[in-house]
Amino acid sequence: MLSQLFNMRLTTVIYLFTVIPLLLLCGGCDQFTPNNPYPADSPTANTLYSSFSERPKHLDPAVSYASNEYLFIGQIYEPPLHYHYLERPYVLEPLTTEEIPQPIFLDSNGDTLPADAPRETVMFSRYRIRIKPGIRYQPHPAFALNKQGKARYLNLTDNDLEGITTPADFEHQSTRELVAADYVHQLKRFALPDLHSPIAGFLGKTIVGLSELAESLDALEPGSRITLDEHSLTGVTIVDRYTYEITINGLYPQFIYWLAMPFFAPMPPEVTRFYDQPPLQSKNITLDWFPVGTGAYQLMENDPNRRMVLARNPNYHGASYPTTGGPGDQSNGLLVDAGQPLPFIDQAIFSLEKESIPIWNKFLQGYYDRSGISSDSFDQAIQFGDGLEAGVTEQLREKGISLQSSVATSTMYFGFNMLDPVVGGYSEAQQKLRQAIAIALDMEEYISIFRNGRGIAMQSPLPPGIFGFQPGERGVNPLVYDWVDGQAVRKPITIARQLLAEAGYPAGRHHQTNQPLIIHFDTAAAGPDAKAFLDWLRKQFAKIEVQLVPRSTDYNRFQDKVRNGQIQMYLWGWTADYPDPENFLFLLYGPNSRVTGQGQNSSNFQSAEFDRLFEQMRNLPNSPDRQSIIDRMMEIFHRQAPWAGGFHPQSFALQHRWISNIKPSHLAHNTLQYQRINPSLRAQLRQQWNRPVWWPLGALIAVLLLALLPALRLAWRREHQRPHGVQS
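In short, a report on the structure. (Residues numbered from 1 in each chain as written. Predicted model: local features only at pLDDT ≥ 70, side-chain atom pairs only at ≥ 80, totals over all residues. Heavy atoms only, no water.)

## Describing the side chain of Q470
If you trace the backbone, Q470 turns up in the loop between β19 (455-457) and β20 (481-484). Among the polar contacts made by the side chain of Q470, one reaches the side chain of R474 at a distance of 3.5 Å. Looking at Q470, its side chain comes within polar contact range of the side chain of D631, at 3.3 Å. (Helix = DSSP H or I, 4+ residues; strand = E, 2+ residues; numbered from the N terminus. Polar contact = N/O pair within 3.5 Å; in protein donor to acceptor, adjacent residues only side chain to side chain.)

## A word on helix α16 (residues 555-563)
Buried within α16 are the following residues: Y555, N556, F558, Q559, K561 and V562. Turning to α16, the residues buried within the fold contact α2 (67-76), β22 (518-523), β23 (547-552), β24 (569-575) and α18 (594-597). Trailing α16 by a residue or two, G565 shows a phi angle of about 70°, which is positive. (Buried < 20%, exposed > 50% of the residue type's maximum accessible area, 1.4 Å probe, protein only. Contact = heavy atoms within 4.5 Å.)

## Details of the sheet that holds strand β9 (residues 297-303)
Spatially, four strands are ordered β1-β13-β10-β9 in an open sheet, and the strand pairing comes out mixed. Each having just a single partner strand, β1 (47-52) and β9 make up the two edges of the open sheet. Each adjacent strand pair in this sheet contributes to an overall mean axis angle of 20°, direction not counted. Bridge count between β1 and strand β13 (residues 347-352): six bridges; the pairing is parallel. Within the sheet, the bridge partner assigned to S50 lies in β13 and is F350. (Pairing = 2+ DSSP bridges. Axes fitted to C-alpha atoms, helices over the stretch in contact; angles between N-to-C directions.)

## Regarding the packing of helix α13 (residues 443-450) against helix α15 (residues 528-542)
Close contact between α13 and α15 brings their axes to 12 Å; oriented N to C, the two are set at 160°. Regarding the angle of α13 to α15, the classification is roughly antiparallel. Handedness of the crossing formed by α13 with α15: right-handed. Residue-level contacts link E445, Y446, I449 and F450 of α13 to A532, F533, W536 and Q540 of α15. Residue composition of the contact of α13 with α15, grouped by class: six nonpolar, one polar and one charged. (Parallel < 35°, antiparallel > 145°, perpendicular 65-115°, else oblique. Left-handed = near helix turned anticlockwise from the far one by under 90°. Nonpolar A, V, L, I, M, F, W, Y, C, P; charged D, E, K, R; others polar.)

## Re the pattern of salt bridges
Counted by the stated rule, this structure contains 30 salt bridges. Between R538 and D535 there is a salt bridge, with the nearest N and O atoms lying 2.7 Å from each other. Pair noted here: R538 and D535 are both in helix α15, with a separation of three residues, about one helical turn. R538 gets classed as partly exposed once you look at its relative accessible area, which sits at 33%. Relative accessible area serves as the criterion here: at 27%, D535 is assigned to the partly exposed category. Measuring nitrogen to oxygen at the nearest pair gives 2.9 Å for the salt bridge that ties D580 to R626. Linking D580 in the loop between β24 and α17 (582-585) with R626 in helix α20 (residues 624-640), this pair joins segments that are 46 residues apart in sequence. Overall, the relative accessible area of 0% leaves R626 in the buried class. One network of salt bridges, with partners in common, ties together E301, D303, R306 and R307. (Salt bridge = Lys/Arg side-chain N within 4 Å of Asp/Glu carboxyl O.)

## Description of the nonpolar core
By size, the foremost hydrophobic cluster in this structure holds 122 residues, and its most contacted members are I246 and W258. The element that contributes the greatest number of residues to this core is α20, accounting for six residues. With near-sequence residues (within four places) excluded, W258 lies in contact with Y65, I199, F202, Y252, F263, F264 and Y578. Counting residues in each nonpolar core, the second largest holds 38 residues, with V423, A440, L499 and A503 among its members. (Core = buried A, V, L, I, M, F, W, Y, C linked by side-chain atoms within 4.5 Å.)

## As for the packing of aromatic side chains
Taken as a whole, this structure holds 47 aromatic pairs when the rule is applied. Their ring planes at 10° and their centres at 5.3 Å tell us that Y183 and Y244 sit as a pair that is stacked. Residue Y183 is found in helix α3 (residues 180-189), and its partner Y244 is found in strand β8 (residues 243-249); the two are separated by 61 residues along the sequence. Relative to F533, the ring of F521 lies with its centre 6.1 Å away and its plane at 65°, an arrangement referred to as edge-to-face. Pair noted here: F521 is in strand β22 and F533 is in helix α15, with a separation of 12 residues, a long-range link. The ring of Y252 is capped by R618, whose NZ or CZ atom sits 5.0 Å from the centre of that ring. (Phe/Tyr/Trp six-rings, centres within 6.5 Å; stacked < 30°, edge-to-face > 60°. Lys NZ or Arg CZ within 6 Å of the ring centre and 35° of its normal.)

## Details of the side chain of T247
Within the fold, T247 resides in strand β8. Take T247: its relative accessible area is 8%, and that puts it in the buried class. In contact with T247, not counting residues within four places along its chain, are F124, S125, R126, T206, I207, V208 and G235.

## With respect to the packing of helix α12 (residues 428-440) against helix α14 (residues 493-502)
Interhelical geometry of α12 versus α14 gives an angle of 160° and a closest axis separation of 8 Å. If you check the angle between α12 and α14, you find them roughly antiparallel. Both α12 and α14 take part in a crossing whose hand is left-handed. Across from A429, K432, L433, Q435, A436, I439 and A440 in α12, the residues of α14 making contact are I493, I495, A496, L499, L500 and E502. Here the contact of α12 with α14 is composed, by residue class, of 10 nonpolar, one polar and two charged.

Below you can see the structure in the form of structure tokens.
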């Protein structure tokens, strides 16, 4: 009996350690990939896989003004215009409109002026916008009606929301046609006192009557419910079901570019009424969390601590892939799908990745379709040819990975808070303090170390490719650089130390108190790269014996500190909303102060002369006169030094062979619909690149069998050798 029990246990052990693993090896060798981060997804699904590093704070198009948020809302919302996906230079074209509106000029009496009227006689510009009929919104409970034709989900109570966590959980979903009134409703929303749109101040000065509407709404009793349909906006009128007009003050040619920004996307009144209900807000079911649009995609999952999921909008009105492109697009295969209906991709899954290394590893394994290139992976990814042209390494080329590079229409800058009593202010001593720091902050070294040479040091806020950018000696900042042998050379550190002494801080100490000069640097940077960057930054200040104290926080808290002026120095960037110098120089326009005007002037720079020149420049066409004004503005910028320096980045991105129709665009937002995936090829290569390495398991089984061998021999002996004296 004991022998039988022993044998049974031994058989079980052998079965567990040999037979079952072998069955797993044989049965799963063709499909099983243990490192697959998407085990529930079909390997051949028409899904794009990407990542994001910062959780979006606002998905309301009236409030959002960050590239990490535009990644999502650009696919959901549709302003009247957008940029041609392939044409360069960037070209505006209709999106929901039938044609690009042309301004009608009016005098002070509202009478029409000819197109060539003297600029000083133009008091108003009017844009008539006619949208295409038949465009419909994504399914949403806000559009659901009861039998009486009334909104089904108004006046909700907490009991009504039992089991409801997203708008998709409501039983009834519906849609309706896009109409002109939706665009008008969105424009009125900028007057709401509690919206806090970053461009409310700017639009209040631009759109006729918007500031007056804001004042009237602000005068209402606090907490009173505002129904925008009951309030008129003088400069925005509905002509008919599909037509509306916007009247702006004066002559502002750049206004046409704003019509391509998400701020001007439509917003149905039903949607804002739906989301204004307190029971929904208490469950975080808000417009900032669950957007509603007419674009090619809708947000199906919003879990910013894990992943965001976009899926094809079943009500999308449809569009076609471009039939024309820029130079080289035909030969690069970017017109293969010319005229084909959009979108190509059914779903896009964006996973939260706070570190660059996991992104890179998953990209190499085929689990992300595209990837940027961090400093850690640069040498593994990029090699330079004899002509210093960038290309991928042999290892990546064998995988079919290709490189996309482009000069970004953007600026990264180290800014001072001009409201700060130490680094801010406009006295000569305060200017010299900032100039000294600007010299010490070696941006060429920064670009070499942290950008692998991908960028050029900033001489002005304007990047190459934007009118007003001056190449060569004409554009050099003479207070930071000398022009030597045909190139800009940073001034010696001795000049920075002398300026610091003249500012009242000899050897980095206050000339009266002898206290060390300590400057705080606020940042949202995190991770190993951030530590190296902050160590480098401290060394830059140490060159002039100034102590730098970094203060790290998450991006949302960082935004709040900038908004409230609770900073001394910071690093931030700006990517062009439209290809015009006004879109960069307004970052220094006084009325756009972040603290006092809720604008994008994060340094809170104020200069009456700069503002006067800006107002002259903004309405001029590109011309020698406009260039001359910009040059004078740059003299003020260099002297006052509200920014310590920065750079204009060059962007590199990698893509696998199974994704196509990729052309970098730094202004267009609705780019997902143009991209195409070959899911079968991706699944095949993923399987090839991620074959499980089974030999360690086989070796382990062999070791276990060797360890069990004495027990097996003993069991065999007990079974086959009879005891002495037993008769057969």
